[in-house]
Amino acid sequence: MKLDKMSRKELEALRADVDEAIVQRRKTERHEALAAAQKAAAEFGFSLDELTGKKGGRGAKAASADPKYMNPEDPTQTWTGKGRQPNWFKTAIEAGKAPEELEI
């Protein structure tokens, strides 16, 4: 692929496609990793929740919420969707991204 032969519009479309592919790949890999971890725990007779210390049911202390959104430009930045919106989220929305595009 000759990037120097592509127009700016084509390059921006390519970047959008790559960003979406990265988000989708991250979701797929996360699900695969979770399934592998659950399988490994089950082989030893444990649930993943038992090994990670997560507790369920009534009376259990509420754990911090899992992240729901991820900054596509910096995957280390995440947000649960609760509380104040981070700047990277606001900027992405203002740039025309839909919240669903930023979901993990």
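Residues numbered from 1 in each chain as written. Predicted model: local features only at pLDDT ≥ 70, side-chain atom pairs only at ≥ 80, totals over all residues. Heavy atoms only, no water.

Asks: Looking at this structure, how should I read the environment of Met70?
Replies: Topologically, Met70 is positioned in strand 1 (residues 69-71). Sequence separation between Met70 and Glu103 is 33 residues, and the spatial gap between their C-alpha atoms is 6.2 Å. Not counting chain neighbours up to four residues away, the residues in contact with Met70 comprise Val23, Arg26, Pro75, Gln77, Thr78, Trp88, Leu102 and Ile104. (Helix = DSSP H or I, 4+ residues; strand = E, 2+ residues; numbered from the N terminus. Contact = heavy atoms within 4.5 Å.)

Asks: Hey, could you run me through the side chain of Lys27 in this one?
Replies: Structurally, Lys27 can be placed in helix 1 (residues 8-43). Not counting the four nearest positions on each side in its chain, Lys27 is found in contact with Glu103 and Ile104.

Asks: Would you mind going over a negative patch on the surface with me for this structure?
Replies: Taken together, the side chains of Asp17, Glu20, Glu100 and Glu101 make up a negatively charged region of the molecular surface. Tracing the chain through its elements places Glu101 in the segment after helix 3 (87-94). Look at Glu101 and you get partly exposed, because its relative accessible area is 33%. (Patch = residues over 30% accessible without salt bridge, like charges linked within 9 Å, V, L, I, M, F, W, Y side chains within 5 Å. Areas by Shrake-Rupley, 256 points an atom, 1.4 Å probe, with all protein chains shown as cover. Salt bridge = Lys/Arg side-chain N within 4 Å of Asp/Glu carboxyl O. Lys, Arg positive; Asp, Glu negative; His and termini not counted. Charge placed at Lys NZ, Arg CZ, Asp CG, Glu CD. Buried < 20%, exposed > 50% of the residue type's maximum accessible area, 1.4 Å probe, protein only.)

Asks: Looking at this structure, how should I read the environment of Gln38?
Replies: Following the sequence through the fold, Gln38 ends up in helix 1. Looking at Gln38, the relative accessible area reads 41%, which means it is partly exposed. C-alpha of Gln38 to C-alpha of Thr78: the two residues are 40 residues apart in sequence and 23 Å apart in space.

Asks: Whenever I open this one, the pattern of salt bridges confuses me. Can you help?
Replies: Pairing between side chains of opposite charge can happen when the charged atoms of each approach one another. In this structure the tally under the stated criterion is 1 salt bridge. Among the ionic pairs, Arg8 bridges to Glu12, the shortest N-O distance being 3.1 Å. Of this pair, Arg8 and Glu12 are both found in helix 1, 4 residues apart, which corresponds to roughly one turn of the helix. For Glu12, a relative accessible area of 37% translates into the label partly exposed.

Asks: Can you help me understand helix 1 in this one?
Replies: For an α-helix, 3.6 residues make a turn, and residues three or four places apart therefore share a direction. For helix 1, built from 36 residues, the straight-helix expectation of 52 Å at 1.5 Å per residue is met to within 8% by its first-to-last C-alpha distance of 52 Å. Along helix 1, the residues that are buried comprise Val23, Lys27 and Ala41. Contacts made by the buried residues of helix 1 are with helix 2 (48-52) and strand 1. (Expected span 1.5 Å × (residues − 1).)

Any functional reading would require information that these geometric values do not contain.
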